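One-letter residues, chain by chain:
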Amino acid sequence: MNWSNVWQIFVREGLDQLRDRRTLFMVVVFPILLYPLIGAGVLQFAAALQEKPRRVVIVGADRLPKDPPLLNAEGTGFNPALFDSPAEAARLEVERVPDSGEWADDAVRGRAVRDGLASAVMVIPPDLPEQFKARADAAIPIHYKSVDETSKITYLRLREALDRWKGGIVEERRKEDKLPEGYAKPIDVIPQDVATRQEIGGNVWGRIFPFLLVIMALTGAFYPAVDLCAGEKERGTMETLLISPAGRAEIVLGKFLAVLAASVTTAVLNLLSMGLTGLQMARRAVGFGGEDSASSAAAALAPPTLQSALWMIVLLIPLAAFFSAVCLAVAAMARSMKEGQYYMTPLYLICLPLIFLTMTPGIELNAFYSLVPVTGAALLLRALIVGDYATGFRYFIPVLVPTVIYAWLALRWAVEQFQDEEVLFRESERFNLVQWVKATIRDRGPRPSASQAVLCFALVITASWLFAQASLTAGSTSGLGAVAIGQLLILLVPTAMAFLLTTDPLGTLRLRSTDARYFALAAATAVAVNPLTAELSRLVEWAFPLSDATKAVFNSLLQGETPLLLAVLLFALTPAVCEEVAFRGFILSGLKTGRRPYSAIVLSALLFALLHVFLSLFQQFFNAAILGVFLGLLAVRSRSLLPGVLFHALNNGFAVALGAWVGLLKRMGAAGAVYRDAEHGLYQFPWVIVAAASAAALFLYLWRFDRPKIEGAG
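Residues numbered from 1 in each chain as written. Predicted model: local features only at pLDDT ≥ 70, side-chain atom pairs only at ≥ 80, totals over all residues. Heavy atoms only, no water.

> Is there a simple way to explain the overall build of the chain in this structure?
A count of helical and extended segments in the chain gives 28 helices and six strands. Looking at the chain as a whole, 44% of its 714 residues are labelled buried. Sequence-distant contacts, at least 24 apart, represent 76% of the contacts inside the chain between residues at least 6 apart. Accessible surface computed for the chain: about 36,900 Å², of which carbon and sulfur atoms make up 64%. (Helix = DSSP H or I, 4+ residues; strand = E, 2+ residues; numbered from the N terminus. Buried < 20%, exposed > 50% of the residue type's maximum accessible area, 1.4 Å probe, protein only. Contact = heavy atoms within 4.5 Å. Areas by Shrake-Rupley, 256 points an atom, 1.4 Å probe, with all protein chains shown as cover.)

> Looking at this structure, how should I read the nonpolar core?
The tendency in soluble globular proteins is for nonpolar side chains to be buried side by side. Counting residues in each nonpolar core, the largest one holds 75 residues, and the members touching the most others are Phe209, Phe256, Phe323, Leu328 and Met344. Those elements that provide at least two residues to this core are α1 (3-19), α7 (197-235), α8 (238-242), α9 (248-283), α11 (306-331), α12 (337-356), α13 (375-385) and α14 (389-419). In terms of residue count, the dominant contributor to this core is α11 (17 residues). Excluding residues that lie within four positions of it along the chain, Leu328 makes contacts with Ala225, Cys229, Val252, Lys255, Phe256, Val259, Ala414 and Phe418. With 48 residues, the next largest nonpolar core counts Leu509, Leu607, Leu631 and Ala635 among its residues. (Core = buried A, V, L, I, M, F, W, Y, C linked by side-chain atoms within 4.5 Å.)

> What's the story with the environment of Arg159 in this structure? I'm lost.
Along the chain, Arg159 turns up in helix α6 (residues 149-176). Here the alpha-carbon distance between Arg159 and Ile142, two residues 17 residues apart in the chain, equals 9.1 Å.

> Which parts of the structure should I look at to understand α14?
Given 3.6 residues per helical turn, the α-helix brings residues three or four places apart onto the same face. Between the first and last C-alpha of α14 there are 44 Å, a value that for 31 residues agrees with the 45 Å anticipated at 1.5 Å per step. Maximum bend of α14: about 45 degrees, positioned at Tyr395, with proline Pro398 one to four residues after it. (Expected span 1.5 Å × (residues − 1). Bend = angle between axes of the 7 residues up to and from the residue.)

> How should I be thinking about a nonpolar patch on the surface in this particular structure?
A cluster of nonpolar residues, Phe25, Val29, Ile32, Leu33 and Leu37, forms a patch on the protein surface that exposes about 450 Å² of accessible area. Assignment of secondary structure puts Leu33 in helix α2 (residues 21-50). (Patch = residues over 30% accessible without salt bridge, like charges linked within 9 Å, V, L, I, M, F, W, Y side chains within 5 Å. Salt bridge = Lys/Arg side-chain N within 4 Å of Asp/Glu carboxyl O.)

> Can you walk me through unusual backbone geometry in this structure?
Glycine aside, a negative phi is what most residues show, and trans is what most peptide bonds show. Along the chain, Asp67 connects to Pro68 via a cis peptide bond; the corresponding omega equals 0 degrees. Its identity as a non-glycine residue notwithstanding, Lys178 has a phi of 55 degrees, on the positive side. With respect to the helices, strands and loops of the structure, Lys178 is situated in the loop between α6 and α7. If you check the backbone angles, Arg510 has positive phi at about 60 degrees while not being a glycine. Assignment of secondary structure puts Arg510 in the loop between α19 (505-508) and α20 (516-543).

> Explain empty space enclosed by the protein to me, please; I cannot follow it from the model alone.
Remark: the empty space left among the atoms is shown by a probe the size of a water molecule rolled over them. Under the definition given, this model contains one cavity of 30 Å³ or more. Quantified by volume, the largest cavity comes out at close to 30 Å³. In this structure, the largest cavity is lined by Phe209, Leu213, Ala267, Val268, Leu271, Met312, Ile313 and Leu316. For the lining of the largest cavity, the secondary structure elements donating two or more residues are α7, α9 and α11. (1 Å grid on protein atoms, 1.4 Å probe; cavity = no way out; pocket = protein on both sides within 12 Å on 5 of 7 lines; lining within 4 Å. Points joined across faces, edges and corners; volume = space filled by probe spheres on them.)

> Just to check I follow, could you spell out the sheet that holds strand β2 (residues 92-97) for this structure?
Strands pair in a sheet through their backbones, by hydrogen bonds, and they do so in one of two ways: parallel or antiparallel. Strands sit in the order β2-β1-β3-β4 across an open sheet of four strands; the sheet is mixed. The sheet terminates laterally at β2 and β4 (142-143), the two strands that pair on one side only. Sheet topology places strand β1 (residues 54-59) next to β2; six bridges connect them, and they run parallel. Within β2, the position partnered with Val56 by the bridge is Val94. The strands touched by α6 are β1, β2, β3 (120-123) and β4; relative to β1, the strand with the most contacts, the crossing angle is about 55 degrees. (Pairing = 2+ DSSP bridges. Axes fitted to C-alpha atoms, helices over the stretch in contact; angles between N-to-C directions.)

> Explanation requested: the pattern of salt bridges in the structure shown.
Close approach of charged atoms lets side chains of opposite charge pair. Enumeration over the complete set of coordinates arrives at 11 salt bridges. Measuring nitrogen to oxygen at the nearest pair gives 3.9 Å for the salt bridge that ties Asp163 to Lys166. Residue Asp163 and its partner Lys166 are both found in helix α6; the two are separated by three residues, about one turn of the helix. Glu171 is the partner of Arg174 in a salt bridge, and the nearest nitrogen-oxygen pair spans 2.6 Å. With Arg174 and Glu171 both in helix α6 and three residues apart, this pair spans about one turn of that helix. Residue Arg174 is classed as buried on the basis of its relative accessible area, which comes to 9%.

> So what exactly am I meant to see when it comes to the confidence of the model for the chain here?
Should pLDDT be low for a region, the predicted coordinates there are not to be read in detail. Overall, the predicted model of the chain reaches an average pLDDT of 80, with 84% of residues at or above 70. Within the model, the stretch residues 710-714 combines pLDDT values under 50 with 15 contacts to residues more than four positions away or in other chains. (pLDDT = per-residue confidence, 0-100.)

> What am I meant to see in the packing of aromatic side chains here?
In this description, an aromatic ring pair is defined by two values, namely the gap between the centres and the angle between the planes. Summed over the entire model, instances satisfying the criterion amount to 14 aromatic pairs. Geometrically, the ring pair formed by Phe457 and Phe583 is edge-to-face, given 6.2 Å between the ring centres and 70 degrees between the ring planes. Taken together, the positions of Phe457 in helix α17 (residues 450-474) and Phe583 in helix α22 (residues 564-592) put the pair 126 residues apart, joining distant regions of the chain. You'll find Phe457 and Phe583 in the same group, each marked buried. Seen from their ring centres, Phe621 and Phe622 are 5.6 Å apart, and the 85 degrees between their planes marks the pair as edge-to-face. Phe622 sits in the partly exposed class, given a relative accessible area of 24%. Here a set of aromatic residues connected by ring pairs shows up, and it is made of Tyr598, Phe630, Phe647, Phe699 and Trp703. (Phe/Tyr/Trp six-rings, centres within 6.5 Å; stacked < 30°, edge-to-face > 60°.)

> Sorry if this is basic, but what is going on with the packing of helix α24 (residues 621-638) against helix α25 (residues 642-656) here?
Each pair of packed helices can be described by the angle between their axes along with the distance between the axes. One can describe the packing of α24 onto α25 by two numbers: an axis separation of 9 Å at closest approach and a directional angle of 155 degrees. The pairing of α24 with α25 is recorded here as roughly antiparallel in orientation. Facing Leu627, Phe630, Leu631, Leu634 and Ser638 of α24, the residues of α25 in contact are Pro643, Gly644, Phe647, His648 and Asn651. Looking at the contact of α24 with α25 residue by residue, the classes come out as six nonpolar, four polar and no charged. (Parallel < 35°, antiparallel > 145°, perpendicular 65-115°, else oblique. Nonpolar A, V, L, I, M, F, W, Y, C, P; charged D, E, K, R; others polar.)

Quick look at the structure:
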């Protein structure tokens with residue numbers, strides 16, 4: 001890597017961005033103007049909403065008792081003593097109407113609310129005085145419209161006023177009966193909010209800022225990435241850049257740094273603009289209605305502290321790097337600015353659910369969310385803004401490290417995109433379904449393409465998910481038949497695609513014999529890694545505990561009344577065959593097309609792990625990813641699927657037969673010598689150390705064995 005070339009390209013692209021008015025507006029001007037305009041609009045809307053009182057029609061108000069009063073002395077509003085402040089009482093305007101004429105009709109009252117003639121209609125029953133004298137219960141109907149926000153708020157305020165009025169009536173009766181104080185109100189709840197003004201403000205900012213930060217960081221990367229890729233193609237300068245002395249990786253890195261600078265600049269300007277707008281709105285909060293209301297509004301709108309702002313910037317850089325790399329890789333496929341915008345729109349659609357999740361009540365940062373792109377960073381940001389530093393410090397590294405890894409993978413993808421001339425300079429493709437199918441079959445090669453491999457994975461996930469939903473509807477999600485059919489779906493999709501899309505389906509699926517030493521290596525490695533997978537599973541379960549319901553389902557499947565041989569067949573051998581055909585067969589063969597074998601092995605392992613996340617438990621992601629790397633390497637080295645099937649079946653079989661194996665050891669009196677926790681399959685530490693050394697030696701042997709053949713291996 002020549003950093004001088006990278007710097008020159010970065011300066012070139014940065015200056016080029018400063019010359020583009022559209023990008024300059026979106027990156028610099030738009031964030032500065034956005035929040036003051038929003039703040040001014042919010043204040044105006046709040047003022048307009050505040051000046052408009054709600055109309056409440058009271059039918060038969062002349063029957064209300066004078067003591068305690070429900071209405072004010074003029075009868076045009078409610079008694080201010082029934083509200084927190086006179087200003088709140090003034091927001092309800094009362095119109096008194098007799099219960100004769102049209103208002104005697106219940107349909108007229110309801111229609112008045114639906115038509116907006118009144119926010120609520122309260123009906124005083126004719127026998128209210130008699131009910132009061134008899135000290136009986138009296139029902140007071142209130143008509144309101146629940147789907148109308150104004151009507152609903154009016155109803156809630158009426159409920160609050162009536163509750164306080166009812167308390168006054170009870171208090172009058174207590175005095176008449178000469179009962180002790182507290183007789184009718186034995187408990188008086190006194191709220192004591194321990195949150196500071198800054199914490200209240202942080203809570204508001206913590207909910208809205210992650211959303212805005214993600215959107216603005218993505219927007220800041222979006223336009224420069226499209227301009228630096230598709231824009232250069234339109235201007236005809238891409239070819240000149242590619243024939244320069246700089247390598248493709250140096251070009252991508254220079255462009256990436258330029259996009260990253262724009263993304264970070266946009267997000268920081270958003271932060272500054274939003275902070276200044278919040279400060280201004282907090283000063284204008286006086287007048288929202290009463291001293292307490294103004295104080296609460298000022299606290300809620302106060303800008304984040306300097307410490308919170310620093311945390312935001314620290315998290316902003318890896319998040320912006322992730323968006324910059326993804327946008328650059330996607331924009332490389334576009335032939336024009338218009339096409340680039342088409343490609344970028346799905347990014348927003350993917351990011352929005354991830355960020356909306358952080359605004360859902362009850363969602364808190366945990367070990368699982370820390371691994372989810374965008375969501376983990378947003379939840380960590382929220383925790384730090386509200387001052388929950390214990391959570392923030394505990395998950396800072398678990399969020400930061402995956403985000404950096406995702407950004408690095410996206411950057412690698414962008415480099416691969418720039419190294420492929422067919423991606424950079426592809427021609428316009430007119431799509432015709434019939435012609436496309438004919439061309440796909442006619443021009444098929446011995447191996448599938450990378451896009452066909454990804455399509456296979458998507459079809460496997462989709463078919464399995466649809467089958468799971470159908471099984472859920474039929475009430476047979478945990479049946480053994482459902483497990484078998486689900487596995488057969490995983491087998492069917494890659495098998496059909498291999499025969500339809502390739503001229504060598506058996507070679508694509510690696511269904512061929514191989515040297516016996518690979519079978520021995522697979523069996524020995526399966527035995528060696530068993531103690532390690534048990535330790536890793538225990539560690540993962542400690543970090544991501546399984547629910548009791550999930551444990552019950554697994555125990556019923558693995559340790560229930562299912563015969564051992566049937567359990568081994570369904571949960572060990574069947575997944576070994578079906579999943580290996582899909583992931584080390586079709587998908588790995590496709591990913592290897594035009595890509596280095598090691599990259600294909602890692603990608604297939606990640607897809608294999610994601611399958612377990614989508615169809616089983618996310619706790620299986622780590623074990624599946626690690627074992628997937630070994631299985632991929634074994635498949636490439638042996639050029640056969642069979643050793644991997646043996647390894648996979650043995651690995652699953654050890655878990656299925658654990659109970660029977662431990663029972664046998666106990667009868668022999670040897671369980672204590674092997675296991676320190678037989679129930680969870682945890683071996684004695686000396687066995688774990690021996691297993692780790694053996695597994696490392698076997699992996700290194702496989703890694704170095706037959707190494708020259710890996711580049712050309714099928």
